[in-house]
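Now for the letters of each chain:
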Amino acid sequence: MATTSRIGLAVCLAMALSAPQAFAETTAQAMPEYMDMLAYAISVQTVKGKDQVPALARYFAEKLESAGFAQADIETIPVGNTEALVVRYRGKGDGKPFIVHGHMDVVPANAEGWSDHEPFKLVKDGPYYYGRGVADMKDQTVALVETFMRLKREGYVPQRDILLTLTGDEETDEFTAEAVARRYHDAEFALDADGWSGEYDANLKPVLFGVVAAEKGYADFLVTAASPGGHSSEPNPDNAIYKLSAAMQKIAAYQFPVEYNGITLASFKAMSAHMQGPLADALRRFAEHPGDARAAAVISANPSYVGQIRTTCVATEFTSGHARNALPEQAAANVNCRIFPGDTVAGVQQQLQHAVADSAIKVSVQDPAPVLGPISYPVLPQVMAAVTQAVHERFPGIEVIPVMIPASSDSRHFRNHGVPTWGVSPAFAKPGDVHAHGYNERILASELPASLDFWYELLPALAKAK
Ligand SMILES: [Zn+2]
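All values reported here derive from a predicted model rather than from experimental measurement. (Residues numbered from 1 in each chain as written. Predicted model: local features only at pLDDT ≥ 70, side-chain atom pairs only at ≥ 80, totals over all residues. Heavy atoms only, no water.)

### Side note on the nonpolar core
Core analysis: the largest hydrophobic core is formed by 81 residues, its most contacted members being Phe60, Val100, Phe148, Leu191, Phe209, Val387 and Trp455. Setting aside anything within four residues of it in sequence, one finds Phe148 in contact with Leu64, Phe69, Val87, Tyr89, Val100, Ile162, Leu163, Leu164 and Leu459. (Core = buried A, V, L, I, M, F, W, Y, C linked by side-chain atoms within 4.5 Å. Buried < 20%, exposed > 50% of the residue type's maximum accessible area, 1.4 Å probe, protein only. Contact = heavy atoms within 4.5 Å.)

### Re the coordination of the zinc ion
Of the protein atoms, only His103 (NE2), Asp136 (OD), Asp194 (OD) and Asp194 (OD) coordinate the zinc ion, at distances of 1.9 to 2.6 Å. Here the zinc ion binds four donor atoms, and the angle range of 53 to 144° at the metal identifies the geometry as irregular. In primary-sequence terms, the residues that donate to the zinc ion follow H-x32-D-x57-D. Taken together, the residues span a long stretch of sequence, with Asp136 in the loop between strand E5 (128-130) and helix H4 (138-153) and Asp194 in the loop between strand E7 (190-192) and strand E8 (198-200) at a distance of 58 residues. (Donors = N, O, S within 2.8 Å, 3.2 Å for Na, K, Ca; no water. Tetrahedral: all angles 85-135°; square planar, octahedral: opposite > 155°, others 65-115°. Helix = DSSP H or I, 4+ residues; strand = E, 2+ residues; numbered from the N terminus.)

### Brief notes about the packing of aromatic side chains
One pass over the full model with this rule turns up 18 aromatic pairs. Ring centres of Tyr260 and Phe286 lie 6.1 Å apart, and the angle between their planes is 80°; this geometry places the pair in the edge-to-face category. Of this pair, Tyr260 sits in the loop between helix H6 (240-253) and helix H7 (262-272) while Phe286 sits in helix H8 (residues 278-288), and the two are 26 residues apart along the sequence. According to the relative accessible area criterion, Phe286 is buried, its value standing at 0%. Each member of the aromatic cluster is reached from another via a ring pair, and the members are Tyr200, Phe209, Phe395, Phe428, Phe454 and Trp455. Above the plane of the ring of Tyr128 lies Arg442, whose end atom (NZ or CZ) is 3.8 Å from the centre. (Phe/Tyr/Trp six-rings, centres within 6.5 Å; stacked < 30°, edge-to-face > 60°. Lys NZ or Arg CZ within 6 Å of the ring centre and 35° of its normal.)

### Some thoughts on the layout of surface pockets
For the second largest pocket, the calculated volume is near 300 Å³. Taken together, 22 residues form the lining of the second largest pocket, with Lys48, Gly49, Thr82, Asp169 and Thr172 sitting closest to its centre. Here the lining of the second largest pocket is built from residues that sort into eight nonpolar, eight polar and six charged. (1 Å grid on protein atoms, 1.4 Å probe; cavity = no way out; pocket = protein on both sides within 12 Å on 5 of 7 lines; lining within 4 Å. Points joined across faces, edges and corners; volume = space filled by probe spheres on them. Nonpolar A, V, L, I, M, F, W, Y, C, P; charged D, E, K, R; others polar.)

### Considering empty space enclosed by the protein
Per the stated rule, a full pass over the model turns up one cavity of 30 Å³ or more. Put simply, the parts of the chain that give the lining of the largest cavity at least two residues each are strand E18 (428-429) and strand E19 (442-444). Within the lining of the largest cavity, the residues separate by chemical class into six nonpolar, no polar and two charged.

### Regarding the domain arrangement of the chain
Split into domains, the chain comes out as domain 1 (23-216 + 375-464), domain 2 (235-253 + 312-373) and domain 3 (257-310). Its C-alpha centre places domain 1 at a distance of 36 Å from the equivalent point of domain 2. In this complex, domain 1 contributes eleven residues to the contact, which on the side of domain 2 involves eight residues. Summed over both sides, the interface between domain 1 and domain 2 buries roughly 820 Å², with carbon and sulfur atoms accounting for 60% of that surface. At the junction of domain 1 and domain 2, the tally comes to three residue pairs in polar contact (both at pLDDT 80 or more). At the level of elements, strand E9 (206-215) and helix H12 (411-416) are the ones that each hand at least two residues to the side of domain 1 that touches domain 2. Looking at the side of domain 1 that touches domain 2 element by element, the count peaks at three residues for H12. (Domains from an automatic or database assignment. Buried area = accessible area lost by both parts, 1.4 Å probe. Polar contact = N/O pair within 3.5 Å; in protein donor to acceptor, adjacent residues only side chain to side chain.)

Spelled out as structure tokens, the structure:
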């Protein structure tokens, strides 16, 4: 090669390294960096009480700085021993910013129960990657960080600011989500990447993609009974354990009223089109005749669907007694409720008190005080269109529908501060296949590059969407 061209080449290289690179990185080129970051993120035990979230936030901040983000655009919001990380991708100021959201913390992992893998080590085994947080939700948290870095290195400038908000206690107190939502309540909307929106059938055929427009409220109630106690050789019918057990049976038998909204009706109609059998018929009938009692009975008999048509409450903890040879003086149970949007904590407490029908049984609300949230429905058309477009890049023609989830997330804090929020995560999974919060948490390897493709397509599309 002639010397001039070599000098020319040297100059180009210097320019490429200093100025934002003009060429678009392919997902294949971005994958090694993404996998390195994911492996590191999984290894950092961001479990409540280990105070490791700041370390992971610092790691992400350094990576983002190395890709060209100014320190001034990277902010941490400490709350107790955890923190949130907020990154502003500065745009041309043409419109209100929007938020893409995730969390950095994970639930604990009991290594004994993990058959062949260490929980805090990213391991590929067969078609899956295993590791605590690989599906909930470090796969997406790192995908968002990688996408920000990739777009920045390319010199991409969005029409408007994009905010990446990563919290540090979604699995526990959600204090960082509250702090972030309060500070960034002026965003036009937020997308929460927590979870997996895509559903595969048993043969890995893509079936549906759910945009989470509502979530059920989360509340714990303490149900207590008391009794005089005494020596166990003199049994007394006034026994707290018996009284509370009877009350628990009444709560088990109690059914909250049937409910529905635009989201559940739309999702029932769509889901029933991909199913056969009595449940499919019931979902279809309920969508056509909202509240239909016969359909509701069939739906209620299915644990995965009952929560879609009513508030549900279930006993999760029971403690009592103070000595084996002494009559109990008190008994207490935790009842966990998933509250249908529109219902209130006080209303549910009243119904539980009514169900036990015994003034000796007390029902009270457990701390932390439950935070319920509104629904974000209908979905902004430009958001639905951009999400559908990005999903169809991978799976043309599959249905993208609004859904309500029984679980809870950071989203409701944004909704409570007036930011319409939708749960959107590009990963697909078979129902019950990822073992989130459980042993051997996993995600299909195919979902990782697909997630990079998705965000790389979606963020610029949303930035210019009006
Ligand atoms: Zn999560």
